[in-house]
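Survey of secondary and tertiary structure
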Amino acid sequence: MARITAGIATSHIPAVGAALDNGKTGDDYWKPVFAGYDWAKAFEAAEKPDVVILVYNDHASAFDMRIIPTFAIGCGEEFAPADEGWGPRPVPVVKGHPDLAWHIAQSLILDEFDMTIINEMDVDHGLTVPMSLMFGQPEAWPVRVIPLAVNVVTYPPPSGNRCWALGEAIARAVESFEEDLNVQIWGTGGMSHQLQGPRAGLINTPWDTAFLDRLTADPAALRHMPHIEYLREAGSEGIELVMWLIMRGALGEHAEELNRFYHVPASNTAVGHIVLRPGAPNSTESKP
């Protein structure tokens, strides 16, 4: 049977991708950002996942005001890097896993989640930057990817509780797939940041740190956090963090933190990153 073996969350800042693509990872400004992902890169090399279910939000590359799906799952064979206005990023084409993706889509819909099924779409920095942070600059990505796009751009985005429940349903779907697959689920976006208005540039480190803590210490509080708290404490773009709760919900009631990284600033955003393992209460598994 397929199984979810780890959950990863990370910011997906476009400037991070630009720094990598333009050879600036060793610059004084960017070096600590990329160094913060060394542990995760080694973890991925050791874990060798077969498939990543990658939860992200599109930034008007595949979707715009003509169509705004709350939850959309990519079931195609492959997904090209999007042109976000300055040409596509120089990264490999993302290879999908149609068999598992269609199985998940069917399972979710029968589990009463009204998914939008996408067979053709380009994927932007929301998806490709996390891939680069975990896998560097390979000629081909070493893992198949199932994109899962969430609307956090146009009001109303889904609630944290609905995102958590979707994660639980994804876990049930994966566990019912008969092929033996090592599956990870990633949640992306955040952390605190605001790109416009009088509070542009907002970063709230104490709130971000508490959010990271609560992913294992008090996830129930995150499930029921209202939209207005994200807006007030983490800025207008902080709502992206509800996508982390899809990842967290898929790991079950209890999860163990293996590693985390937090850094400010990167562009005008707080960088947050955490690696979790599904675990039992009071797990004694040591951090690798």
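A brief look at the structure comes next. (Residues numbered from 1 in each chain as written. Predicted model: local features only at pLDDT ≥ 70, side-chain atom pairs only at ≥ 80, totals over all residues. Heavy atoms only, no water.)

Some words on the overall build of the protein chain
Check the secondary structure of the protein chain and you find ten helices and ten strands. Computed over its C-alpha atoms, the radius of gyration of the protein chain comes to 17 Å, within 12% of the 19 Å expected for a compact globule of 288 residues. When the accessible area of the protein chain is evaluated, it comes to approximately 12100 Å², of which 52% is carbon and sulfur surface. Averaging the locations of the 19 positively and 37 negatively charged side chains of the protein chain gives two centres separated by 5 Å. (Helix = DSSP H or I, 4+ residues; strand = E, 2+ residues; numbered from the N terminus. Rg over C-alpha atoms; globule rule 2.2 N^0.38 Å. Areas by Shrake-Rupley, 256 points an atom, 1.4 Å probe, with all protein chains shown as cover. Lys, Arg positive; Asp, Glu negative; His and termini not counted. Charge placed at Lys NZ, Arg CZ, Asp CG, Glu CD.)

Overview of the sheet that holds strand S2 (residues 51-56)
As summarised here, the arrangement of the eight strands in space is S6-S3-S7-S2-S8-S1-S10-S9, forming an open sheet in which the pairing is mixed. Here the strands that pair on one side only, and so sit at the sheet edges, are strand S6 (116-118) and strand S9 (255-266). Strand-to-strand twist of the sheet, defined as the mean angle between neighbouring strand axes without regard to direction, takes the value 20 degrees. As paired elements, S2 and strand S7 (residues 144-150) share six bridges and run parallel to each other. Residue pairing across strands places Val52 opposite Val145, the latter belonging to S7. Relative to strand S8 (residues 182-188), helix H5 (residues 125-135) is tilted by about 120 degrees, and along the sheet it contacts strand S1 (3-10), S2, S7, S8 and strand S10 (269-278). Set on the sheet, helix H7 (residues 205-217) makes contact with S9 and S10; between it and S9 the angle comes to about 165 degrees. (Pairing = 2+ DSSP bridges. Axes fitted to C-alpha atoms, helices over the stretch in contact; angles between N-to-C directions. Contact = heavy atoms within 4.5 Å.)

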